[in-house]
Protein chains: 2
Amino acid sequence: MRIGELATKTGVSVRALRYYEEQGLLASERSESGQRHYPDNAAGRVHLIQQFYAAGISSASILEMLPCVVTGEASPQVLATLRGHRSSVVRQIEELQATLRQLDSVIAGAVKSHDSGVPCPPG
Amino acid sequence: MRIGELATKTGVSVRALRYYEEQGLLASERSESGQRHYPDNAAGRVHLIQQFYAAGISSASILEMLPCVVTGEASPQVLATLRGHRSSVVRQIEELQATLRQLDSVIAGAVKSHDSGVPCPPG
DNA sequence: TAGAAACCTGACATTGACGTCAGAGGTAGC
DNA sequence: GCTACCTCTGACGTCAATGTCAGGTTTCTA
């Protein structure tokens, strides 16, 4: 498929896909005229990249890990990187769960005070 | 306490604390000469701000929510904002958990293949 | 075979939470 | 009162993942 189709299929912009290629994260075959063509599994790859970005992992680190994610194998150095990111992800989850509890308690309190007619901010 | 002490106490840079004030997130009293002075509970406030930033919430949104987090009350509009952020946080947690599973499976596979002497990348 | 729509490269713009530097004034221990 | 360190404002720099625009080529559709 061409880049536009991959973009709509994944919900990622064309610009972003070109950027991924620039970073070495997403390969493409080129037609005679230079247009990019992607295999069907490219969408999965894009989702994987997005997932890592969402975890705050940089392009360079993703580049390091990607082949190992695909093949399921890793050198000791890459394994260390993977474990580092793993613990970072665990920390992030814990922080977000704390944030969630915080938000829940505020929401619960707010709903109650709204029931009793005491909104905030006043006005 | 002055800004430097608050910075070391919270692990947040002096620059960041000034930025929080600039955004209206963190108040301070000023001495005769213009230096900032913070009450003891400022550290807790800073941690709260950091927590929200970590959840991908913008300064403007934090500014909207903060008084309600403190007082435990919220107007209907703010309540909607809170709920929006809540579901965003839930999504983030789910995504991170998926990422965690992904990393774990790669790590498990990598450890196994390393045991059997097949590292990746080769070399 | 037009003409629209998609694609190309290249390059500058954006956003947000800070980093960093300059130049000047404040504060605390000796 | 000297010295070292802290703080002030203001302003420009940074970083990373895009947005956006220009100017040109390719591909699809009527």
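Residues numbered from 1 in each chain as written. Chains lettered and ligands numbered in written order. Predicted model: local features only at pLDDT ≥ 70, side-chain atom pairs only at ≥ 80, totals over all residues. Heavy atoms only, no water.

## Considering the domain arrangement of chain A
Heads up, the condition is: Segment limits for the domains were obtained from an automatic or database-derived domain assignment.
For chain A, the domain assignment lists domain 1 (1–59) and domain 2 (74–114). Measuring from the centre of the C-alpha atoms in domain 1 of chain A to the corresponding centre in domain 2 of chain A gives 28 Å.

## So, the UniProt feature "domain: HTH merR-type" (unreviewed entry) in chain A
Here is the rule: UniProt positions are given in the numbering used here, feature names are shortened, and annotations may be inferred rather than shown by experiment. Each helix is a run of H or I in the DSSP string that is no shorter than four residues. Each strand is a run of E no shorter than two, and both are numbered from the N terminus.
UniProt records the feature "domain: HTH merR-type" (unreviewed entry) at residues 1–68 of chain A, using the numbering of this structure. In the segment residues 1–68 of chain A, helix accounts for 59% and strand for 6%; the C-alpha atoms at its two ends are 25 Å apart.

## Notes on the packing of helix H2 (residues 14–22) of chain A against helix H3 (residues 42–54) of chain A
Residue and element names in this part refer to chain A. Basically, it comes down to this: Only the stretch in contact is used when fitting a helix axis, every axis being a line fitted to C-alpha atoms; angles between N-to-C directions are given from 0 to 180 degrees. Should an angle fall under 35 degrees it is taken as roughly parallel, and over 145 as roughly antiparallel, whereas 65 to 115 is taken as roughly perpendicular and any remaining angle as oblique. Contact between two residues is taken to exist if any of their heavy atoms lie within 4.5 Å; hydrogens are not considered.
Direction vectors running N to C along H2 and H3 enclose 85°, while the axes themselves pass 12 Å from each other. In terms of axis orientation, H2 runs roughly perpendicular to H3. Touching Leu17, Tyr19 and Tyr20 of H2 are Val46, Ile49, Gln50 and Tyr53, all from H3.

## A word on the interface of chain A and chain B
Heads up, the rule is: Summed over both partners, the accessible area (1.4 Å probe) lost when two parts come together is defined as the buried area. By definition here, a salt bridge exists when the distance from a side-chain nitrogen of Lys or Arg to a carboxyl oxygen of Asp or Glu is within 4 Å. Under this definition, polar contacts are N or O atom pairs within 3.5 Å; protein pairs additionally need one hydrogen-donor-capable and one acceptor-capable atom, and for neighbouring residues in sequence, both atoms have to be side-chain atoms. Residues are grouped as follows: nonpolar covers Ala, Val, Leu, Ile, Met, Phe, Trp, Tyr, Cys and Pro; charged covers Asp, Glu, Lys and Arg; every other residue, Gly included, is treated as polar.
The partner chain B presents 44 residues to the 44 residues of chain A that form the contact. A buried area of about 3800 Å², summed over both sides, lies between chain A and chain B, and 74% of it is on carbon and sulfur atoms. Where chain A touches chain B, the interface holds two salt bridges. With a shortest N-O distance of 2.5 Å, Asp104(B) and Arg86(A) are connected by a salt bridge. Taken together, chain A and chain B are joined by two residue pairs in polar contact (both at pLDDT 80 or more). Sorting the residues of the side of chain A that touches chain B by element identifies H3, helix H4 (59–71) and helix H5 (76–115) of chain A as the ones contributing at least two each. Broken down by element, the residue count for the side of chain A that touches chain B peaks at 27 residues, all from H5(A). Each residue belonging to the side of chain A that touches chain B can be placed in one class, and the counts come to 27 nonpolar, 12 polar and five charged.

## Digging into the protein's contact with DNA strand D
Formally: Summary of the distance rule: residues count as near a molecule or strand when at least one heavy atom falls within 4 Å of that molecule or strand.
In the region of DNA strand D, 20 residues are neighbours, and Ser13(A), Tyr19(A), Tyr20(A), Gly4(B) and Arg36(B) sit closest. Taking the atoms of DNA strand D that fall within 4 Å of the protein, sugar and phosphate contribute 75% of them. For DNA strand D, a base oxygen lies 3.1 Å from a polar atom in the side chain of Arg15(A). One nitrogen or oxygen atom from the side chain of Arg30(B) is found 3.1 Å from a phosphate oxygen belonging to DNA strand D. Of all the elements in the fold, those that place two or more residues in the surface near DNA strand D are H2 of chain A together with helix H1 (3–10) and helix H2 (14–22) of chain B. Broken down by element, the surface near DNA strand D gets its largest block of residues, four residues, from H2(A).

## Examining the packing of H1(B) against H2(B)
Residue and element names in this part refer to chain B. Closest axis-to-axis distance for the H1/H2 pair is 9 Å, and the angle between their directions is 105°. Relative to H2, the element H1 is oriented roughly perpendicular. Within the contact between the two elements, H1 uses Ile3, Gly4, Leu6 and Ala7 and H2 uses Val14, Leu17 and Arg18. A class-by-class count of the residues in the contact of H1 with H2 yields five nonpolar, one polar and one charged.

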